[in-house]
Amino acid sequence: MSVPPARTHYQVLGIPEAASADEVRRAHRQLAQVLHPDRQAGASPAEQRLAERRMREVNAAWTTLSDPRRRAEYDRSLRAARTGLPAGASATAAAARGPMASRFVDDGPDLDRSWDVDPDEPELSPAHFWL
């Protein structure tokens, strides 16, 4: 079984990479209200663990994307991962790799999202399918 690719902080919050600071804050608040442990009182233990894990992901995304300096560094690292260049490399370094190199650049996450399902997680109740 292959390891699923990690989701970006933008995917965790469900926002585009060009989202404004206000959109980041709004997405975090909405997800925090849904996933907060106090809201999981009637959920099964498996659903509570899933909500706790997702809440940790949401908080990590918020910590990075709410700070302009951290967000800029994170965006640079995402671009570097997609182009295969080190985080500090410039566009001239990409040009130096040759004209064919750009044909093999990963365009980002697979939008199929079939990798987003963990086969070890139990079935959720209909009320928790969106977690």
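Please read all numbers here as calculations on a predicted model, not as lab measurements. (Residues numbered from 1 in each chain as written. Predicted model: local features only at pLDDT ≥ 70, side-chain atom pairs only at ≥ 80, totals over all residues. Heavy atoms only, no water.)

Draft legend 1. Layout of the packing of helix α3 (residues 45-65) against helix α4 (residues 68-83). The contact between α3 and α4 brings their axes to 6 Å, and the two run at 105°. Taken together, the axes of α3 and α4 are roughly perpendicular relative to one another. Within the contact between the two elements, α3 uses T63, T64 and L65 and α4 uses R70, R71 and Y74. Counted by class, the contact of α3 with α4 contains two nonpolar, two polar and two charged residues. (Axes fitted to C-alpha atoms, helices over the stretch in contact; angles between N-to-C directions. Helix = DSSP H or I, 4+ residues; strand = E, 2+ residues; numbered from the N terminus. Parallel < 35°, antiparallel > 145°, perpendicular 65-115°, else oblique. Contact = heavy atoms within 4.5 Å. Nonpolar A, V, L, I, M, F, W, Y, C, P; charged D, E, K, R; others polar.)

Draft legend 2. Spotlight on α3. Taking 1.5 Å of rise per residue, 21 residues should cover 30 Å, and α3 covers 30 Å from first to last C-alpha, within 8% of that figure. Regarding α3, the residues found buried are A46, E47, L50, A51, R54, M55, V58, A61, T64 and L65. (Expected span 1.5 Å × (residues − 1). Buried < 20%, exposed > 50% of the residue type's maximum accessible area, 1.4 Å probe, protein only.)

Draft legend 3. A look at the packing of aromatic side chains. Scanning the entire structure with this criterion turns up one aromatic pair. Measuring from centroid to centroid gives 6.1 Å for Y10 and Y74, while their planes differ by 45°, and the two rings are tilted. In this pair, Y10 is assigned in helix α1 (residues 9-13) and Y74 in helix α4, connecting sequence segments 64 residues apart. Side by side, Y10 and Y74 carry an identical accessibility label, which is buried. (Phe/Tyr/Trp six-rings, centres within 6.5 Å; stacked < 30°, edge-to-face > 60°.)

Draft legend 4. Here's a closer look at the nonpolar core. Ranked by internal contacts, the top residues of the largest apolar core, which has 16 residues, are Y10, L13, I15, V24 and L65. Listed by contribution, the elements that provide at least two residues to this core are α1, α2 (21-35), α3 and α4. Take this core: its biggest share by element is five residues, from α3. (Core = buried A, V, L, I, M, F, W, Y, C linked by side-chain atoms within 4.5 Å.)

Draft legend 5. Main features of the environment of P68. Mapped onto the elements, P68 comes out in helix α4. Accessibility expressed as a relative area gives 65% for P68, which makes it exposed. Spatially, the C-alpha atom of P68 lies 8.6 Å from that of A21, the residues being 47 residues apart in sequence.

None of the figures reported here should be taken as evidence of function without further support.
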